[in-house]
Amino acid sequence: MPHRVVVLALDGLLPFELGIPQRIFGLSRASEPHGQGRKLYEVVTCSVRPPGPVRTDADFTVVVENGPEILATADTVVIPASYELGPVHAEGRLTDELAAAFAHIRPGTRMVSICTGSFVLAAAGYLDGRPATTHWASADHFQRLFPRVRVDPDVLFIDDGDVLTSAGVAAGIDLCLHIVRRDHGAAVANDVARRTVVPPHRDGGQAQYIRRPVPETRSATTTSSARAWALGRLDRPILLRDMARQESMSVRTFTRRFREEVGVSPVQWLTGQRIERARHLLESTDLSIDQVARDAGFGTPTSLRQHLQTALGVSPTAYRRTFRAQSA
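Since we're looking at a predicted model, the values are computed, not measured. (Residues numbered from 1 in each chain as written. Predicted model: local features only at pLDDT ≥ 70, side-chain atom pairs only at ≥ 80, totals over all residues. Heavy atoms only, no water.)

**Observations regarding the overall build of the chain**
A count of helices and strands for the chain gives 14 helices and 10 strands. Taking 20 Å as the expected radius of gyration for a compact globule of 328 residues, we find that the chain reaches 21 Å, a close match to that expectation. Its C-alpha atoms give the chain principal-axis dimensions of about 60 × 55 × 35 Å. For the chain, with 328 residues in total, the buried portion stands at 48%. By sequence separation, contacts in the chain at least 24 residues apart represent 64% of the contacts at least 6 residues apart. About 15900 Å² of surface is accessible on the chain, with carbon and sulfur atoms providing 52% of the total. (Helix = DSSP H or I, 4+ residues; strand = E, 2+ residues; numbered from the N terminus. Rg over C-alpha atoms; globule rule 2.2 N^0.38 Å. Buried < 20%, exposed > 50% of the residue type's maximum accessible area, 1.4 Å probe, protein only. Contact = heavy atoms within 4.5 Å. Areas by Shrake-Rupley, 256 points an atom, 1.4 Å probe, with all protein chains shown as cover.)

What follows is the structure, given as structure tokens:
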């Protein structure tokens, strides 16, 4: 049976965010040799009230055909943002309607929020003692309201196992693609990204989207050429000064400009790209672990193992066994 995703539509919701789970999970198909494979997810929408209209922040309403009892059937619950959270946003407590709806959710259900939907998860107690994120503009208020939550306002999303939170609006796409990648591997997630015409993985975090109080004067020069150059030679040693040379910058200027544009340091970005290359090779080829390590630029199996363990919590062999088996 497909994995059931139930999206909780709250009054004041953002229509764009409401559509993200349907689009990303709805397009996910199992890889099969002849044509389009079976659906991997079933996406349904519900309200906290009996079936009927739900207000949006636009000039139209949406009609939801399921009441809160459908939450009892969910494998994953997704809560998009709403501009009418009332006491959830003001006082950090659930309304009676929300509390009654959450009572239907089975223990162990995976919980996901998009943007300020994280306020609902926090008010319900799902984020106590956990790392979480939300829209950068709401992060300070979120932290004051929920001091037991470890808020990171810079990232696009946080995966804490059975509870996942994303930053503002379009970061919900990043998070849903990540969930597909985690559930079914990079090949399925990349296919969804191509069909949705979005990048399968965005570099950096939401820090790059925050307006600074005193913007620096920027030149027309970017670091995109250096990134493209590095991506074409991930299997070879790449030094920071070599990347800076591609843009005719000093190492110091290049590092500062790179972090401004991408949100992470050049070394962090390069490691992330090599991890993605290794994941792709482990999933889609029969190359030995030694060869994967060399082709991804880690040099040795030990280095590959250490980086993959840090990033994903698994060894290369375990990762390949999991996702090659799913592909088969």
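**A look at the packing of aromatic side chains**
Aromatic ring pairs: the centre-centre distance and the angle between the two ring planes describe each pair. This model, assessed by the stated rule, comprises seven aromatic pairs. Between Phe25 and Tyr41 the ring centres are 4.8 Å apart and the planes differ by 50°, which places this aromatic pair in the tilted class. Here the residue Phe25 occupies a position in helix α1 (residues 15-26), and Tyr41 occupies one in strand β2 (residues 41-46), the gap between them amounting to 16 residues. Look at Phe25 and you get buried, because its relative accessible area is 1%. Relative to Trp269, the ring of Phe258 lies with its centre 5.7 Å away and its plane at 70°, an arrangement referred to as edge-to-face. Taken together, the residues Phe258 in helix α10 (residues 251-262) and Trp269 in helix α11 (residues 266-284) connect sequence positions 11 residues apart. As far as the burial class goes, Phe258 and Trp269 line up, both buried. The structure contains a cluster of three or more aromatic residues connected by ring pairs, namely Phe119, Phe142 and Phe146. Just above the ring of Phe258 sits the side chain of Arg227; from NZ or CZ to the centre is 5.8 Å. (Phe/Tyr/Trp six-rings, centres within 6.5 Å; stacked < 30°, edge-to-face > 60°. Lys NZ or Arg CZ within 6 Å of the ring centre and 35° of its normal.)

**Remarks on the sheet that holds strand β9 (residues 157-159)**
Strand pairing in a sheet is mediated by backbone hydrogen bonds. Such pairs are either parallel or antiparallel. In space, the six strands of this open sheet follow the order β2-β1-β5-β6-β10-β9, with mixed pairing throughout. Both outer strands of the open sheet, β2 and β9, are each paired with one neighbouring strand and no more. Strand-to-strand twist of the sheet, defined as the mean angle between neighbouring strand axes without regard to direction, takes the value 15°. By the bridge criterion, six bridges tie strand β1 (residues 3-8) to β2 in an arrangement that is parallel. Residue pairing across strands places Arg4 opposite Glu42, the latter belonging to β2. α1 rests against β1, β2 and β5 (76-79) of the sheet, and its axis sits at about 165° to β2. (Pairing = 2+ DSSP bridges. Axes fitted to C-alpha atoms, helices over the stretch in contact; angles between N-to-C directions.)

**Some details on the pattern of salt bridges**
By the definition in use, this model includes 18 salt bridges. Among the ionic pairs, Glu91 bridges to Arg93, the shortest N-O distance being 2.8 Å. Judged by relative accessible area, Arg93 falls into the partly exposed class, the value being 42%. Of the charged contacts, one joins Arg256 and Glu260 as a salt bridge, the two residues approaching to 3.6 Å between their closest N and O atoms. With Arg256 and Glu260 both in helix α10 and four residues apart, the pair spans about one turn of that helix. Given the relative accessible area of 38%, Arg256 is considered partly exposed. For Glu260, a relative accessible area of 21% puts it in the partly exposed group. Counted as one network, the salt bridges with shared partners bring together Asp11, Arg49, Arg55 and Glu84. (Salt bridge = Lys/Arg side-chain N within 4 Å of Asp/Glu carboxyl O.)

**Quick look at the pairing of strand β4 (residues 61-64)**
Taking every second residue as pointing to the same face, the buried face of β4 carries Val62 and Val64, while none of Thr61 and Val63 on the other face is buried. Relative to β4, strand β3 (residues 52-55) runs antiparallel, the two sharing four bridges. Each residue of the ladder has a partner; that of Pro53, found in β4, is Val63. The hairpin formed by β3 and β4 contains five residues between the paired strands.

**Quick word on the confidence of the model for the chain**
Residue-level pLDDT values for the chain average 89, and 91% of them are 70 or greater. Below a pLDDT of 50 lies the segment residues 210-220, which in the model reaches seven contacts outside its immediate sequence neighbourhood of four places, other chains included. (pLDDT = per-residue confidence, 0-100.)

**Side note on the packing of α11 against helix α13 (residues 301-312)**
The N-to-C vectors of α11 and α13 enclose an angle of 100°; their axes lie 11 Å apart at closest approach. Classified by the angle their axes make, α11 and α13 are roughly perpendicular. From α11, Thr271, Ile275, Ala278, Arg279 and Leu282 reach across to α13, where they touch Leu304, His307, Leu308, Ala311 and Leu312. (Parallel < 35°, antiparallel > 145°, perpendicular 65-115°, else oblique.)

**Looking at α11**
Compared with the 27 Å implied by 1.5 Å per residue over 19 residues, the 27 Å span of α11 between its first and last C-alpha is a close match. Taken together, the buried positions of α11 are occupied by Pro266, Trp269, Leu270, Gln273, Arg274, Ile275, Ala278, Arg279, Leu281, Leu282 and Glu283. (Expected span 1.5 Å × (residues − 1).)

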